[in-house]
Amino acid sequence: QVQLVESGGGLVQAGGSLRLSCAASGRTFSNYALGWFRQAPGKEREFVAVIGWNGIARYAESVKGRFTISRDNAKNTVYLQMNSLKPEDTAVYYCAADLTTVVLRTTVPAYDRWGQGTQVTVSS
């Protein structure tokens, strides 16, 4: 059973940076893809980024060039470095694990396990 715990959220001014972390436990970490999603009030949960076991990543167009996803298999941790933050990045950010395929998928139903979420608030 994979468990995911996010940390690193907070309040930041527009243009600032934050780094989110997601610690995984319960299964061989390096074997599956890990993604970040976010959900703003009144909106559906949306894809942000995903990274495969080999380090290959995909990004949503809205964050490309500003966010970077990475993973440290030795620490069982995945990171989301967020730079040049905008007020529209305000949301609860969730870490998720896709345990069933090596394809880097971007839809919510594709992911089997979810963390509890961490709040990111960007003030203008």
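Residues numbered from 1 in each chain as written. Predicted model: local features only at pLDDT ≥ 70, side-chain atom pairs only at ≥ 80, totals over all residues. Heavy atoms only, no water.

Draft legend 1. Inspection of the overall build of the protein chain at higher detail. The helix and strand inventory of the protein chain stands at zero helices and 11 strands. Tracing the protein chain from N to C terminus, the helices and strands come up as β-β-β-β-β-β-β-β-β-β-β. The C-alpha atoms of the protein chain give 13 Å as radius of gyration, which agrees with the globular expectation for 124 residues (14 Å, within 12%). A total of 124 residues make up the protein chain; the buried ones form 43% of that total. Sequence separation of 24 or more characterises 59% of the internal contacts of the protein chain that already satisfy a separation of 6 or more. Carbon and sulfur atoms provide 48% of the accessible area of the protein chain, an area that totals close to 6,200 Å². The distance from the centre of the 13 positive side-chain charges to the centre of the 9 negative ones in the protein chain is 3 Å. (Helix = DSSP H or I, 4+ residues; strand = E, 2+ residues; numbered from the N terminus. Rg over C-alpha atoms; globule rule 2.2 N^0.38 Å. Buried < 20%, exposed > 50% of the residue type's maximum accessible area, 1.4 Å probe, protein only. Contact = heavy atoms within 4.5 Å. Areas by Shrake-Rupley, 256 points an atom, 1.4 Å probe, with all protein chains shown as cover. Lys, Arg positive; Asp, Glu negative; His and termini not counted. Charge placed at Lys NZ, Arg CZ, Asp CG, Glu CD.)

Draft legend 2. Quick look at the pattern of salt bridges. Taken as a whole, this structure holds five salt bridges when the rule is applied. Here Arg-66 makes a salt bridge to Asp-89, at a shortest N to O gap of 2.8 Å. Here Arg-66, found in the loop between β6 (57–59) and β7 (67–72), pairs with Asp-89, found in the loop between β8 (77–82) and β9 (91–98); they are 23 residues apart in sequence, far enough to count as distant. Linked through salt bridges whose partners overlap, the residues forming this network are Arg-38, Glu-46, Arg-66 and Asp-89. (Salt bridge = Lys/Arg side-chain N within 4 Å of Asp/Glu carboxyl O.)

Draft legend 3. Local environment of the pairing of β8. Most of β8 sits out of view: five of its six residues are buried. Both strand β3 (residues 18–25) and β8 contribute to a ladder of six bridges, which runs antiparallel. Paired with Leu-18 across the two strands is Met-82, which belongs to β8. For β7 and β8, the ladder comprises six bridges, and the chain directions are antiparallel. Of the residues in β8, the one forming a bridge with Ile-69 is Leu-80. Where β7 folds back on β8, the antiparallel hairpin that results is connected by four residues, among which Asn-76 adopts a positive phi of roughly 55°. (Pairing = 2+ DSSP bridges.)

Draft legend 4. Local environment of the sheet that holds β3. Read across the sheet, four strands follow the order β1-β3-β8-β7 without closing on themselves; strand pairing throughout is antiparallel. Pairing within the sheet leaves two strands with one partner each, and these edge strands are β1 (3–7) and β7. When the angles between neighbouring strand axes are averaged without regard to direction, this sheet yields 15°. (Axes fitted to C-alpha atoms, helices over the stretch in contact; angles between N-to-C directions.)

Draft legend 5. Highlighting the environment of Val-48. Considering the arrangement of structural elements, one finds Val-48 in strand β5 (residues 46–51). Spatially, the C-alpha atoms of Val-48 and Ile-69 are 9.4 Å apart, while their sequence positions differ by 21 residues. Here Val-48 is in contact with Trp-36, Phe-37, Arg-38, Arg-58, Tyr-59, Ala-60, Val-63, Phe-67, Leu-80 and Tyr-93, once residues within four sequence places are set aside.

Scope: geometric values only; no functional claims are made or implied.
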